[in-house]
Amino acid sequence: MVDFSYTVFILLIPLVVFAITGIWGGRWKPIISGLLGTFGIATIFVMSLYTAYQYFFVVHHGGPYKPIVAMNFLWLPLTEHLHIHMGIMLDPISVMMLVVVTTISLMSHWYSLGYMKGERGFARYYAFLSLFTFSMLGLVVATDLLQMFIFYELVGVSSFLLIGFYYQKPSAVAAAKKAFIVTRFADFGFLIGIFILIYYTHSFDFLQITDPNTPIFETALGKTFLGYSALSWATALIFMGAAGKSAMFPFHIWLPDAMEGPTPVSALIHAATMVVAGVFTIARLFPVYYFFTPKVLLMVGYVGGFTSLFAALIAMTQFDIKRVLAYSTLSQIGYMMVGLGVSHYGGEEGLGYMAAMFHLFTHAMFKALLFLGAGSIIHAVHSNLMQKMGGLRKYMPITHITFLIAALAISGIPPFAGFFSKDEILAAAFLHNRLLFWVEYITAGITAFYIFRLYFKVFWWKDTQYEHTPHESPWTMTVPLIILATLSATVGFVPFSKFVSSDLMPFEPETHWNLVIASVSIGLLGLALAWLLYRKENDLPDRIAKALGKLYKWTYDKFYIDEIYLFITKKIMFNIIAKSVAWFDRHIVDGFMEGVAVVTEKTSEKIKGFQSGHLQQYAFVFIASVIIIALTVLYFIGA
Amino acid sequence: MIQGIPITHFLVVSVIMFFVGIMGFIIRQNLITILLSVELILNAVVLNFLVFNRYLFPHHLQGQFFGLFIIGVAAAEASMAIALIINIYRRMRHIDPDKIREMKY
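Residues numbered from 1 in each chain as written. Chains lettered and ligands numbered in written order. Predicted model: local features only at pLDDT ≥ 70, side-chain atom pairs only at ≥ 80, totals over all residues. Heavy atoms only, no water.

Looking only at helices and strands, chain B features 3 helices and 0 strands. Moving toward the C terminus, one meets the helices and strands of chain B in the order α-α-α. Relative to the globule expectation of 13 Å for 105 residues, the C-alpha radius of gyration of chain B, 17 Å, shows a markedly less compact shape. Projected onto its principal axes, the C-alpha coordinates of chain B cover approximately 50 × 25 × 25 Å. Evaluated residue by residue, chain B yields a buried proportion of 29% over its 105 residues. Accessible area of chain B: about 7,400 Å², with a carbon and sulfur share of 73%. (Helix = DSSP H or I, 4+ residues; strand = E, 2+ residues; numbered from the N terminus. Rg over C-alpha atoms; globule rule 2.2 N^0.38 Å. Buried < 20%, exposed > 50% of the residue type's maximum accessible area, 1.4 Å probe, protein only. Areas by Shrake-Rupley, 256 points an atom, 1.4 Å probe, with all protein chains shown as cover.)

Below is the structure:
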């Protein structure tokens with residue numbers, strides 16, 4: 001048996017780095033903080049790879065991949081049943097997430113050395129990145145729901161801190177607040193879900209609740225509320241928390257705004273790792289969803305499907321390159337949710353589960369690459385807007401090639417990574433839910449279109465006259481791009497079903513050739529359309545936009561979801577509810593307290609004459625009172 | 001019992017002393033006489049203690065001891081009061097309680 005207790009250092013190193021750079025970072029040369037953070041992450045990256053090797057090839061060679069609790073200690077013994085543990089649990093998905101998080105985090109750290117060079121608060125930036133890495137790793141290795149919740153909040157906080165990194169910019173502050181409030185609101189649902197689970201099962205240890213034959217849900221299934229069992233409500237509420245973190249509709253509004261943060265942060269947090277925490281949560285609790293609350297799992301699928309189509313439509317019309325990528329992220333996370341939603345349990349039936357995790361894995365690589373590429377472009381052009389770009393392929397060859405690879409990967413063109421995972425999600429949807437299959441199939445075409453629209457608009461289109469001639473980024477930025485491009489091109493060949501599956505047993509998925517051909521052809525169709533419209537400067541896209549009229553405008557304005565939220569919060573909550581409550585507080589509550597004060601004051605004004613200072617008057621009143629009391633008592637007792 | 005004097009006689013004397021004292025306390029215009037009135041009240045109480053002790057529990061001495069205590073306390077109180085009165089007189093050149101009205105709202 002291999003001892004995995006060293007994995008605790010995977011968590012501790014980023015935490016220590018955070019503390020050191022947070023406390024002393026301001027006094028050093030900034031580069032020291034950057035190098036310290038990068039080397040810390042490099043260390044845990046190596047440790048994670050070693051852990052993955054040990055887990056998959058030494059301990060459980062050939063499966064089944066049983067979970068291993070590397071360490072676990074009692075943190076808070078609250079009551080007899082309610083104990084909060086802190087620990088590290090290794091199972092296929094958490095080991096996979098360890099690798100993903102440390103890889104992307106290492107790339108972002110490295111890239112930021114160039115991208116953030118000379119920024120104010122360089123040390124602060126690296127401290128927060130380490131804090132985020134620590135929280136995210138703590139989330140993926142959580143042994144029970146409450147530990148997961150604690151780290152859920154921690155990633156939320158570090159995301160808030162990093163979105164608001166440019167705190168002098170009002171829009172960044174507003175975006176940070178929005179992200180925090182929206183996810184916090186969703187996490188509230190998550191917390192209630194956990195409490196319902198604890199109330200009925202007295203257990204929230206993952207090993208116990210994800211056992212398919214577990215009897216602990218009997219009471220929770222027996223109790224019903226509004227026609228659904230208590231367990232359904234609990235899992236639905238947990239999904240609400242997951243949807244908030246993963247920016248599923250209708251909680252998606254925070255993610256596009258979160259692009260106010262530095263670009264490597266968007267790559268790390270808002271594309272590759274934190275936003276897939278929701279998918280990870282559902283995957284972690286998958287047996288509960290599948291065996292006990294299949295309706296909720298179906299809802300997960302439909303929400304994911306709707307979000308993926310909806311976000312892809314918006315992504316087609318946006319001009320801010322980071323926003324296009326943000327909506328693309330929403331759409332791809334929607335894919336993962338669909339994968340989970342249509343999945344069954346065990347072997348080939350559990351294809352969706354495996355495909356969702358596979359897509360999470362590949363998406364992390366190519367979406368981080370897209371974001372880092374976008375960061376490189378922004379670094380060169382000093383703008384986020386596509387209208388100010390064009391013809392960049394001549395100036396930035398490395399960024400161009402790596403971006404092209406990522407675009408091909410996300411469009412699902414073989415042999416790049418996205419093709420394999422997306423194709424498997426489509427296959428799973430095709431087998432179990434035709435409606436979701438068609439939605440995702442159309443979305444695949446739109447995905448190819450919008451990403452190549454972005455690509456052609458930035459790198460081809462026209463020869464823009466730039467004020468400063470754009471130049472290729474320094475090696476600190478291009479090397480991570482090249483590494484990620486290599487990964488995006490190759491990770492698709494990882495035999496993922498050999499490692500991750502719904503029932504922990506490796507299996508060999510069938511290849512559905514007709515589906516492969518169909519999905520590749522729609523990807524190529526989207527690509528070709530983008531090529532026709534955007535390869536060279538022309539007015540066709542504008543004419544089409546005009547012809548679509550209202551439809552285009554709605555999509556461009558993101559279907560007015562933000563405005564609906566504003567209407568609900570400002571008009572209904574602030575104006576009607578909050579104002580009436582404020583009136584009640586000001587007039588009734590305050591009025592009562594003020595009334596008490598006024599009555600007291602008036603009374604004391606009237607009776608203060610009693611304190612006259614006349615000694616003999618006091619004596620008289622005292623004696624007279626004593627006599628009266630004595631007589632009264634005597635009268636009533638009847639002496 | 002004390003040579004055939006009934007208890008009520010003593011009590012009547014005591015009550016008269018008590019109320020004379022109270023009357024003096026309330027109506028006199030001189031702090032010294034007010035002090036005298038307080039002494040009268042105390043002495044009425046002492047008389048009560050002694051009489052009840054003698055008539056009701058002739059074999060006990062608590063009442064008499066209590067009387068002695070009151071006399072002692074009264075002496076202390078008188079010295080304090082006279083010290084205060086002297087100070088008031090030094091400051092105000094009179095000892096009329098009606099005109100000493102600083103201790104009010």
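We now examine helix H5 (residues 145-163) of chain A. Residues and elements named next belong to chain A. Here H5 is 19 residues long and its end C-alpha atoms lie 26 Å apart, about the 27 Å a rise of 1.5 Å per residue gives. Of all 19 residues in H5, 14 are buried; the element is thus mostly enclosed. A distance of 3.1 Å separates the backbone nitrogen of Leu146 from a side-chain oxygen at the start of H5, and that oxygen is part of Asp144. (Expected span 1.5 Å × (residues − 1). Polar contact = N/O pair within 3.5 Å; in protein donor to acceptor, adjacent residues only side chain to side chain.)

Next up on the list: the domain arrangement of chain A. Partitioning chain A into structural domains gives domain 1 (1-292), domain 2 (294-529) and domain 3 (566-637). Taken over C-alpha atoms, the centre of domain 1 of chain A sits 55 Å from the centre of domain 3 of chain A. (Domains from an automatic or database assignment.)

All names here are of chain B. Where helix H2 (residues 31-56) contacts helix H3 (residues 62-92), the axes come no closer than 9 Å and their chain directions differ by 175°. Classified by the angle between their axes, H2 and H3 sit roughly antiparallel to one another. Here the contact of H2 with H3 is composed, by residue class, of 17 nonpolar, 5 polar and 2 charged. (Axes fitted to C-alpha atoms, helices over the stretch in contact; angles between N-to-C directions. Parallel < 35°, antiparallel > 145°, perpendicular 65-115°, else oblique. Nonpolar A, V, L, I, M, F, W, Y, C, P; charged D, E, K, R; others polar.)

Before going further, it helps to spend a moment on the interface of chain A and chain B. In this complex, chain A contributes 12 residues to the contact, which on the side of chain B involves 15 residues. Taking both partners together, chain A and chain B bury about 1,100 Å²; carbon and sulfur atoms supply 63% of that area. Between chain A and chain B we count 0 salt bridges in total. At the junction of chain A with chain B, the criterion picks out 3 residue pairs in polar contact (both at pLDDT 80 or more). Class assignment of the residues belonging to the side of chain A that touches chain B gives a composition of 5 nonpolar, 6 polar and 1 charged. (Contact = heavy atoms within 4.5 Å. Buried area = accessible area lost by both parts, 1.4 Å probe. Salt bridge = Lys/Arg side-chain N within 4 Å of Asp/Glu carboxyl O.)

Scanning all chains against the criterion turns up 46 aromatic pairs over all chains. When the ring of Phe449(A) is compared with that of Tyr534(A), the centres are 6.2 Å apart and the planes differ by 50°; the resulting orientation is tilted. One end of the pair, Phe449(A), is in helix H19 (residues 434-459); the other, Tyr534(A), is in helix H21 (residues 513-534), with 85 residues separating them in the sequence. In this structure Phe449(A) comes out as buried when scored by relative accessible area, which is 10%. Seen from their ring centres, Phe18(B) and Phe19(B) are 5.4 Å apart, and the 85° between their planes marks the pair as edge-to-face. Three or more aromatic residues joined by ring pairs make a cluster, and in this case those are Tyr53(A), Tyr55(A), Phe56(A), Phe57(A), Tyr65(A) and Phe499(A). The ring of Phe206(A) has Arg284(A) lying over it, and the distance from NZ or CZ to the ring centre is 5.3 Å. One residue, Arg393(A), lies across the ring of Trp460(A), its end atom 4.1 Å from the ring centre. (Phe/Tyr/Trp six-rings, centres within 6.5 Å; stacked < 30°, edge-to-face > 60°. Lys NZ or Arg CZ within 6 Å of the ring centre and 35° of its normal.)

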